[in-house]
Amino acid sequence: MAKKDKLDAIELLKKDHREVEALFSDFQKTSGEKTKEKIAQKICTELKIHAIIEEEIFYPAIRGKVDDDDIDEALVEHDGAKVLINEIESSGSKSDFFDAKVKVLQEEIEHHVKEEEKQWGSLFSQARKTDVDMDALGEQMAERKAELQEQARSKGLPPAKMATMEQA
Ligand SMILES: [Fe+2]
Ligand SMILES: [Fe+2]
């Protein structure tokens, strides 16, 4: 067996989850407005990229091989989070409800991550049992992620696009 030096699809997504959890925890520990603004913007960028690679690559690859209702629910949860993400990005720390928006986003993401990877019968545990090549998928996702990170650095990403509902 070839030596494994790259993350497979599920490992990559879990790593993203841990990174964003750490950012939320940094945000909660910070009091300076400027730093909070910076962390919040980073959270939004990371979550937008994560949602894109799940929606474009991961979910379609496992659809039909897992409980598809769980994918539908995940997509609606993504869209719920995107409303807050786009709002936080556009109004930032100047909004009276800035802290509350970030807190609610954190709670939504915690719930979503639990359903994806932490609870019994999670989406990722279902995905693990399929015949999908998670190494190949991980590679494809890592490439797309790098491309989106580069876009975020150079010209910024557009607001998150809804997958299941009218643009809010
Ligand atoms: Fe995820
Ligand atoms: Fe997700």
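You'll find the structure just up there.
Residues numbered from 1 in each chain as written. Chains lettered and ligands numbered in written order. Predicted model: local features only at pLDDT ≥ 70, side-chain atom pairs only at ≥ 80, totals over all residues. Heavy atoms only, no water.

Before going further, it helps to spend a moment on the coordination of the iron ion (ligand 2). Distances from the iron ion (ligand 2) to its protein donors, Glu54 (OE), Tyr59 (OH), His78 (NE2), His112 (NE2) and Glu116 (OE), fall within 2.0 to 2.4 Å. On the primary sequence, the residues serving as donors to the iron ion (ligand 2) are separated as E-x4-Y-x18-H-x33-H-x3-E. A gap of 3.3 Å separates the iron ion (ligand 2) and the iron ion (ligand 1), which Glu54 links by coordinating each metal. With a gap of 38 residues between them, His78 in helix 3 (residues 68-91) and Glu116 in helix 4 (residues 98-118) connect regions that are remote in the sequence. In this structure, His78 and Glu116 share a single accessibility class: buried. (Donors = N, O, S within 2.8 Å, 3.2 Å for Na, K, Ca; no water. Helix = DSSP H or I, 4+ residues; strand = E, 2+ residues; numbered from the N terminus. Buried < 20%, exposed > 50% of the residue type's maximum accessible area, 1.4 Å probe, protein only.)

Here we take up the nonpolar core. One recurring pattern in soluble globular proteins is that nonpolar side chains are buried together. One finds Phe58, Ile62, Met134, Leu137 and Met141 to be the most contacted residues of the largest nonpolar core, which totals 23 residues. Breaking this core down by element, the ones donating at least two residues are helix 1 (9-29), helix 2 (33-62), helix 3, helix 5 (123-128) and helix 6 (134-154). Beyond its immediate stretch of four places on either side in the chain, Leu137 contacts Ala9, Ile57, Phe58, Ala61 and Val132. Counting residues in hydrophobic clusters, the runner-up holds 18 residues, among them Phe24, Leu84, Phe98 and Ile109. (Core = buried A, V, L, I, M, F, W, Y, C linked by side-chain atoms within 4.5 Å. Contact = heavy atoms within 4.5 Å.)

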